[in-house]
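# Remarks on the overall topology
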Amino acid sequence: MNILMRLKTMCVAAPGLGLCAMLLCGAAQAGAGSASCAAYAQDLAVMAGADAALRGRQDLLASPEDPGQARRRSQLALVERSNGVRLKALLASCGWPLRGVHGEQAGKDAWRLVRQAGDDLALQKTAAPHLEQAVLRGEAPGRDWAQLDDRIAVAEGRPQRYSTRMRQRDACHWVFYPMDDRARVAERRAQVGLPTLEQQESMANGMVIHENCPPPNNPPAPVHIE
């Protein structure tokens, strides 16, 4: 069953979900290989809205065997794939949405869709040159490009150029994924308005719940043998 048919089935099963008609229209246009740049901002708003609506219905505390949550995960995955197909068609026809042409919100919606497509490396690599050109023209935030460039680098096992991606080393510490030369990374971050590496590291580790973490540089307690 193709994406369009599966979307129709999902909308019949969940008629109160909203946005279904416009999603179906977008999927049909993407399947036909067409993309209207005149309605670019509207298309992005619909896709981002559908993504947000379905993410808001996910129950992160539900059991993996919960049938309701399994259905919601399946619906989200389907809309992610539909959005990815549609966004690739729009990027090919219209490029990255420009702040001065399509409005600032259109760029935010496009970035949300690319960012949320964590497993769709092909979509991220398709979007990257379009976003880069928009940044060079002053029509998109440089920090969005930095984050996308790093996402692709981490996925491909390459050092980050801006070092925006971190991982949890253990329950008490967040560390950066491998990065390029630290001084060059710091210079690039400053150019796009990102906080310093030290600030990002402090912010990330500041969110750790420290009750079960040993104090920093705390020597082990002496052991008394009786």
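Right above here is the structure, for reference.
The structure reproduced in this document is the subject of the present report. (Residues numbered from 1 in each chain as written. Predicted model: local features only at pLDDT ≥ 70, side-chain atom pairs only at ≥ 80, totals over all residues. Heavy atoms only, no water.)

Here strand E1 (residues 166-170) pairs with strand E2 (residues 173-176) via 4 bridges, running antiparallel. When the bridges of E2 are listed, Arg 167 appears paired with Val 175. (Pairing = 2+ DSSP bridges. Helix = DSSP H or I, 4+ residues; strand = E, 2+ residues; numbered from the N terminus.)

The next thing to look at is the environment of Ala 70. When you line up the elements, Ala 70 lands in helix H4 (residues 67-94). As a C-alpha pair, Ala 70 and Gln 58 span 12 residues in sequence and 9.3 Å in three-dimensional space.

Next up on the list: the packing of helix H9 (residues 182-192) against helix H10 (residues 197-206). Axis separation between H9 and H10 bottoms out at 10 Å; the angle between their running directions is 85 degrees. On the basis of the axis angle, H9 is roughly perpendicular to H10. For the pair H9 and H10, the contacting residues are Arg 182, Val 185 and Arg 189 in the first and Leu 197, Glu 198 and Gln 200 in the second. Within the contact of H9 with H10, the residues separate by chemical class into 2 nonpolar, 1 polar and 3 charged. (Axes fitted to C-alpha atoms, helices over the stretch in contact; angles between N-to-C directions. Parallel < 35°, antiparallel > 145°, perpendicular 65-115°, else oblique. Contact = heavy atoms within 4.5 Å. Nonpolar A, V, L, I, M, F, W, Y, C, P; charged D, E, K, R; others polar.)

Looking now at the nonpolar core. As a rule of thumb, nonpolar side chains are buried together in soluble globular proteins. Counting 28 residues, the largest nonpolar core has Leu 44, Leu 87, Leu 91, Trp 96, Val 114 and Leu 148 as the members making the most contacts within it. Other than its neighbours up to four places away in sequence, Leu 148 contacts Trp 111, Val 114, Gln 124, Ala 127, Ala 128 and Leu 131. In terms of nonpolar packing, the next biggest core, distinct from the first, is built from 5 residues, Met 166, Phe 176, Leu 197 and Ala 204 among them. (Core = buried A, V, L, I, M, F, W, Y, C linked by side-chain atoms within 4.5 Å. Buried < 20%, exposed > 50% of the residue type's maximum accessible area, 1.4 Å probe, protein only.)

Now for the side chain of Gln 69. Along the polypeptide, Gln 69 turns up in helix H4. One polar contact links Gln 69 to Arg 72, side chain to side chain, over a distance of 3.1 Å. (Polar contact = N/O pair within 3.5 Å; in protein donor to acceptor, adjacent residues only side chain to side chain.)

On to unusual backbone geometry. Of note in this structure, Ser 163 is not a glycine but carries a positive phi near 55 degrees. The topology assignment puts Ser 163 in the loop between helix H8 (142-155) and E1. Judged by relative accessible area, which is 0%, Ser 163 ranks as buried.

Attention shifts here to the environment of Gln 116. For Gln 116, the position within the fold is in helix H6 (residues 104-116). Given the relative accessible area of 25%, Gln 116 is considered partly exposed. Residues Gln 116 and Ala 52, 64 residues apart in the sequence, show an inter-C-alpha distance of 9.9 Å. Not counting residues up to four positions away in its chain, the partners in contact with Gln 116 are Asp 51, Arg 55 and Glu 80.

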